[in-house]
Amino acid sequence: MRTRIHRGAAEIGGSCVEVEASGQRILIDAGLPLNHPADASPILPDVASDSLCGIVISHPHLDHYGLLPWMPSVPVVMGATARRILLAAAPFMRKMSMNLSGPDLIDRKPIQIGPFCITPFLVDHSAYDAYALLIEADGKRLFYSGDFRAHGRKHGLVDKLIAHPPSDIDTLLLEGTTMSRAGQRTEPVSEHDLEEEFISRFLATKGLVLAHASAQNIDRMVSIYRACQRTGRTLVIDLYTAIILEATGNPRIPQSHWDRVALCVPKAQRIQIKRNGWFDELDRHSRHRIFPGRHLAKAPGNYVLLFRGLWMRDLEQAEVLAGACLIHSQWEGYLREPRFKEIEAWRERHGLHFCQIHTSGHASPEDLRRFAAALSPETLVPIHTIAPESFTSIFPRVVRHADGEWWEV
Ligand SMILES: [Zn+2]
């Protein structure tokens with residue numbers, strides 16, 4: 001079995017790894033680079049499509065699946081819930097049709113794709129239904145960590161993997177998103193601690209709380225919902241969020257019909273609903289429907305609105321922003337992007353209080369060290385990192401391979 005990283009040896013985003021055995025191949029992830037311009041065609045990995053047996057997507061983040069619209073039509077192997085979330089989100093996104101059909105990854109259940117036996121391990125990450133992957137062929141064992149963390153609501157999954165790791169790993173491809181922060185050995189804030197931070201902020205705010213978080217970060221949705229429950233506020237979601245939460249198919253994840261959840265539809269989304277005839281979807285999620293002028297404006301302090309840029313005009317017009325607060329609950333690097341600059345200008349214009357409440361979707365250097373020590377591979381290859389050179393400072397048997405370089409596992 002031999003392999004090469006197409007992208008990710010010294011980069012976060014655009015992850016793509018090709019694995020070859022017996023003249024056949026698979027791709028592990030087919031991601032879009034994070035800085036990819038919206039309207040340009042991406043650079044595709046140079047893969048012989050006639051011998052490509054499938055594309056395995058470790059988790060539903062764009063930098064791991066975003067090349068799919070341009071890829072050859074082969075089976076796409078991913079978690080069933082991850083697939084449902086992507087299908088649910090697709091109609092709301094820029095027109096991007098992609099093949100998503102193929103077999104499901106099921107936690108710890110080996111699946112055969114051509115000459116490859118793949119065993120997925122469900123992990124804790126900011127994307128839902130995320131897997132690390134054991135890939136076996138030709139008597140060799142390659143372990144791909146995917147993206148993971150050990151401080152989220154599902155940290156038990158990673159604790160279990162560390163306690164009972166697969167043995168005899170030849171190569172571990174280990175993500176190192178946080179390795180550029182290896183100098184700072186501070187414990188990451190847990191998703192659980194974040195809930196307490198949300199509570200403090202909700203209590204300290206008289207008016208409406210705007211929580212700017214990704215609806216697909218399901219752990220975060222749970223933290224915000226729980227903080228609402230504990231402070232007597234109602235979480236206000238739009239139709240997109242309601243549909244994503246529904247797509248989890250998990251009865252323990254907050255839903256539009258739950259107590260302390262309400263649906264409110266911004267104008268831009270009402271237009272989308274009309275244009276696409278999504279009236280059944282709207283009906284299904286309207287049990288607790290509210291309206292900005294009629295409800296938010298009467299008692300803004302009773303609500304936490306899951307905020308996105310398309311809300312700006314509606315909130316302004318409904319005059320609900322006195323004493324409000326905007327919480328940035330995602331990666332702080334986004335604040336430097338143009339669409340966030342626009343939100344920042346809007347926030348300043350309305351004098352909203354601002355704060356950041358966030359924790360990373362990626363394992364800390366210390367958790368990466370524990371993970372690598374448990375798997376104890378013959379060699380460890382850095383991926384999904386801007387600091388591959390720093391790996392030797394905490395891991396033994398590190399071998400670096402550049403993008404495009406083949407090596408034997
Ligand atoms: Zn990810």
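Within every chain, residues take consecutive numbers counted from 1 along the sequence as written. For this predicted model, a pLDDT threshold of at least 70 governs which residues receive local features, and a threshold of 80 or more governs which side-chain atom pairs are given and counted, while totals over whole chains, interfaces and linings are taken from all residues. Hydrogens and waters are ignored; side-chain quantities use all the structure's heavy atoms.

Participant: Would you mind going over the overall build of the chain with me for this structure?
Facilitator: By the criteria applied, helices consist of DSSP H or I runs no shorter than four residues and strands consist of E runs no shorter than two, each listed in order from the N terminus. Scanning the chain from N- to C-terminus turns up 12 helices and 19 strands. Radius of gyration means the value over C-alpha atoms here, while the globule rule gives 2.2 Å times the residue count to the 0.38 power. Radius of gyration (C-alpha) of the chain: 22 Å, near the 22 Å computed for a compact globule of 409 residues. The C-alpha extent of the chain, read off along each of the three principal axes, is 65 × 45 × 35 Å. Residues counted as buried form 57% of the 409 residues belonging to the chain. Partitioning the contacts of the chain with sequence separation of at least 6, the portion at a separation of at least 24 is 72%. Each accessible area is a Shrake-Rupley result for a 1.4 Å probe, and residues are judged covered by the shown protein chains and nothing else. Carbon and sulfur atoms make up 50% of the accessible area of the chain, which amounts to about 17200 Å² in all. The charged-residue count follows a simple rule in which Lys and Arg add positive charge and Asp and Glu add negative charge, with His and chain termini not counted at all. Just so you know, the charge point we use is NZ for Lys, CZ for Arg, CG for Asp and CD for Glu. Of the side-chain charges in the chain, 46 are positive and 47 negative, and the distance between the mean point of each set is 7 Å. Only protein chains enter the area calculation, which uses a 1.4 Å probe; residues under 20% of their type maximum are buried, those over 50% are exposed, and those in between are partly exposed. Should any heavy atoms of two residues lie within 4.5 Å, those residues are considered in contact.

Participant: What exactly am I supposed to notice about the coordination of the zinc ion here?
Facilitator: Ligating atoms shown are N, O and S within 2.8 Å of the metal, or 3.2 Å for Na, K and Ca, and water is not included, meaning a site may look less than complete. Each protein donor to the zinc ion is listed here as His-59 (NE2), His-61 (ND1), His-125 (NE2) and Asp-147 (OD); together their distances run 2.2 to 2.3 Å. Angular criteria define each label, namely tetrahedral for four donors with all angles between 85 and 135 degrees, square planar for four and octahedral for six donors with opposite donors over 155 degrees apart and remaining angles between 65 and 115, and irregular for whatever fails these tests. One can describe the site at the zinc ion as irregular: its 4 donor atoms subtend angles covering 90 to 164° at the metal. Donor residues for the zinc ion sit on one chain with the sequence pattern H-x1-H-x63-H-x21-D. Among the residues examined, His-59 registers a relative accessible area of 1% and is labelled buried. For His-61, a relative accessible area of 24% corresponds to the partly exposed category.

Participant: How should the domain arrangement of the chain be read in this particular structure?
Facilitator: Its domain assignment divides the chain into domain 1 (2–183 + 361–408) and domain 2 (191–356). Each partner contributes to the interface: domain 1 provides 17 residues, whereas domain 2 provides 22 residues. Values labelled buried area give the accessible surface lost by two parts on being combined, using a 1.4 Å probe and summing over both. When the buried area of domain 1 at its contact with domain 2 is split by residue, Phe-92, Tyr-128 and Arg-153 rank highest and sum to 47% of it. What counts as a salt bridge is simple: a side-chain nitrogen of Lys or Arg found within 4 Å of a carboxyl oxygen of Asp or Glu. Glu-195 is the partner of Arg-153 in a salt bridge, and the nearest nitrogen-oxygen pair spans 2.7 Å. Polar contacts, as counted here, are pairs of nitrogen or oxygen atoms within 3.5 Å of one another; within protein the pair requires one atom able to donate a hydrogen and one able to accept it, and residues that are adjacent in sequence qualify only if both atoms are side-chain atoms. Where domain 1 touches domain 2, the interface holds 10 residue pairs in polar contact (both at pLDDT 80 or more). When its residues are assigned to classes, the side of domain 1 that touches domain 2 shows 8 nonpolar, 4 polar and 5 charged. In this entry, domain limits derive from an automatic or database-based domain assignment. Think of it as three bins: nonpolar holds Ala, Val, Leu, Ile, Met, Phe, Trp, Tyr, Cys and Pro, charged holds Asp, Glu, Lys and Arg, and polar takes everything else, Gly as well.

Participant: Sorry, what's going on with the environment of Ala-127 here?
Facilitator: Counting through the fold element by element, Ala-127 comes out in the loop between strand E8 (116–123) and strand E9 (130–137). Each C-alpha atom, one on Ala-127 and one on Asn-217, is 5.7 Å from the other, the two residues being 90 residues apart in sequence. Apart from residues no more than four positions distant in its own chain, Ala-127 is found in contact with His-59, Pro-60 and His-61.

Participant: Help me understand a positive patch on the surface, please; the structure alone is not making it clear to me.
Facilitator: Together, Lys-267, Arg-270, Lys-274 and Arg-313 give the surface a local cluster of positive charge. Take the positive patch: its biggest share by element is 3 residues, from helix H7 (residues 267–276). By secondary structure assignment, the location of Lys-274 is in helix H7. Residues enter patches when their relative accessible area tops 30% and they take part in no salt bridge; the joining distance is 9 Å for like charges and 5 Å for the nonpolar side chains Val, Leu, Ile, Met, Phe, Trp and Tyr.

Participant: What am I meant to see in the state of the cysteines here?
Facilitator: Think of a disulfide as a covalent bridge from one cysteine sulfur atom to another cysteine sulfur atom. Count a disulfide wherever a pair of cysteine sulfur atoms falls within 2.5 Å. In total, this model carries 0 disulfides according to the counting rule given. Just so you know, Cys-53 is unpaired, no disulfide at all, and the nearest cysteine sulfur is the one on Cys-117, 13 Å from it.

Participant: Mind showing me how you'd approach helix H4 (residues 191–204) here?
Facilitator: Side chains of residues three or four places apart in an α-helix project in the same direction, reflecting 3.6 residues per turn. Given a helix with a known number of residues, its expected span is that number minus one, times 1.5 Å. With 14 residues, H4 should cover 20 Å at 1.5 Å per step; its first-to-last C-alpha distance of 20 Å lies within 8% of that length. What H4 keeps buried is the set Glu-191, Leu-194, Glu-195, Phe-198, Ile-199 and Phe-202. Along the axis of H4, the buried residues cluster in a sector spanning 150°; they form a single face. With respect to the buried face of H4, the exposed residues turned more than 90 degrees away are Leu-203 and Ala-204. Relevant arc is that of directions from the helix axis to the C-beta atoms, nothing else.

Participant: Any chance you could explain helix H11 (residues 338–349) here in plain terms?
Facilitator: Here H11 contains 12 residues, and its C-alpha end-to-end distance of 17 Å stays within 8% of the 16 Å for a straight helix at 1.5 Å per residue. Listed as buried for H11 are Phe-340, Ile-343, Trp-346 and Arg-347. Projected down its long axis, H11 carries its buried residues within an arc of 115°, all on one side. Projecting away from the buried face of H11 at angles above 90 degrees are the exposed residues Pro-338, Glu-342, Glu-348 and Arg-349.

Participant: Any chance you could explain the pairing of strand E18 (residues 379–383) here in plain terms?
Facilitator: Looking along a regular strand, one sees side chains alternate from face to face of the sheet. The buried fraction of E18 amounts to 4 of the 5 residues, a majority that puts the element mostly inside the structure. Strand pairing requires that DSSP identify at least two bridges connecting the strands. Pairing analysis gives 5 bridges linking strand E11 (residues 171–175) to E18, with the strands arranged parallel. Within the sheet, the bridge partner assigned to Leu-174 lies in E18 and is Pro-382.

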